[in-house]
Amino acid sequence: MAHSAISTSKPSVDHLMDTPLPVLINELGVTLIESGITDREFFGAVVQRKTGELLLTMPRDRSELEHDTVARYLLAQAFGVPVPEMPAPIVTTRLDDNGDPGQADEALRRVREGRQA
């Protein structure tokens, strides 16, 4: 589901944690993509395209609790909402604008192909 409007406002912690996930994704203008990555160490990714569009990529076949928790955590990271870090084994890596400008597009390509970003 593609969204034409991307939210520029930062959600509150309460809104991020309490709003039903499908509603939150829609409100924030995020596109949800199911990933074919089967590596148990891949929990998901958020990619911001050059257009500003945010893509939330989540692996298939995970529990509802894991999907919901990781999705909210990744959205908090993307929008700069202060939340505690996730416990191990979940580790996040951020690719910033200071790096190669093609990093986000390369990560998105890998996710779409079902490989780890």
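These remarks concern the structure in this document. Everything numeric here is computed off the predicted structure, so don't read it as measured data.

Where helix 2 (residues 21-28) meets helix 3 (residues 64-79), the axes come as close as 11 Å, and the angle between the chain directions of the two elements is 25°. Relative to helix 3, helix 2 is oriented roughly parallel. Between helix 2 and helix 3 the crossing geometry is left-handed. On helix 3, the residues that touch Leu21, Leu24, Ile25 and Leu28 of helix 2 are His67, Asp68, Ala71, Arg72, Leu75 and Phe79.

One pass over the full model with this rule turns up 4 salt bridges. Residue arginine 60 is joined to glutamate 34 by a salt bridge in which the shortest nitrogen-to-oxygen separation is 3.2 Å. Of this pair, arginine 60 sits in the loop between strand 3 (54-59) and helix 3 while glutamate 34 sits in strand 1 (residues 30-35); the two residues are 26 residues apart in sequence, bridging distant segments of the chain. What makes glutamate 34 exposed here is its relative accessible area of 58%. Arginine 62 serves as the salt-bridge partner of glutamate 66, at 2.5 Å between the closest nitrogen and oxygen.

Quick look at the sheet that holds strand 1 now. Strands sit in the order 1-3-2 across an open sheet of 3 strands; the sheet is mixed. For this open sheet the edge positions go to strand 1 and strand 2 (45-48), each flanked by a neighbour on one side alone. Between one strand axis and the next, the sheet turns by 25° as a mean value, whatever way the strands run. Relative to strand 3, strand 1 runs parallel, the two being bridged by 6 bridges. When the bridges of strand 3 are listed, threonine 31 appears paired with leucine 55. Against the sheet, helix 3 contacts strand 1, strand 2 and strand 3, and its axis sits at roughly 155° relative to strand 3.

Criteria and cut-off values
Residues numbered from 1 in each chain as written. Predicted model: local features only at pLDDT ≥ 70, side-chain atom pairs only at ≥ 80, totals over all residues. Heavy atoms only, no water. Axes fitted to C-alpha atoms, helices over the stretch in contact; angles between N-to-C directions. Helix = DSSP H or I, 4+ residues; strand = E, 2+ residues; numbered from the N terminus. Parallel < 35°, antiparallel > 145°, perpendicular 65-115°, else oblique. Left-handed = near helix turned anticlockwise from the far one by under 90°. Contact = heavy atoms within 4.5 Å. Salt bridge = Lys/Arg side-chain N within 4 Å of Asp/Glu carboxyl O. Buried < 20%, exposed > 50% of the residue type's maximum accessible area, 1.4 Å probe, protein only. Pairing = 2+ DSSP bridges.

By themselves, these figures tell us nothing about what the structure is for.
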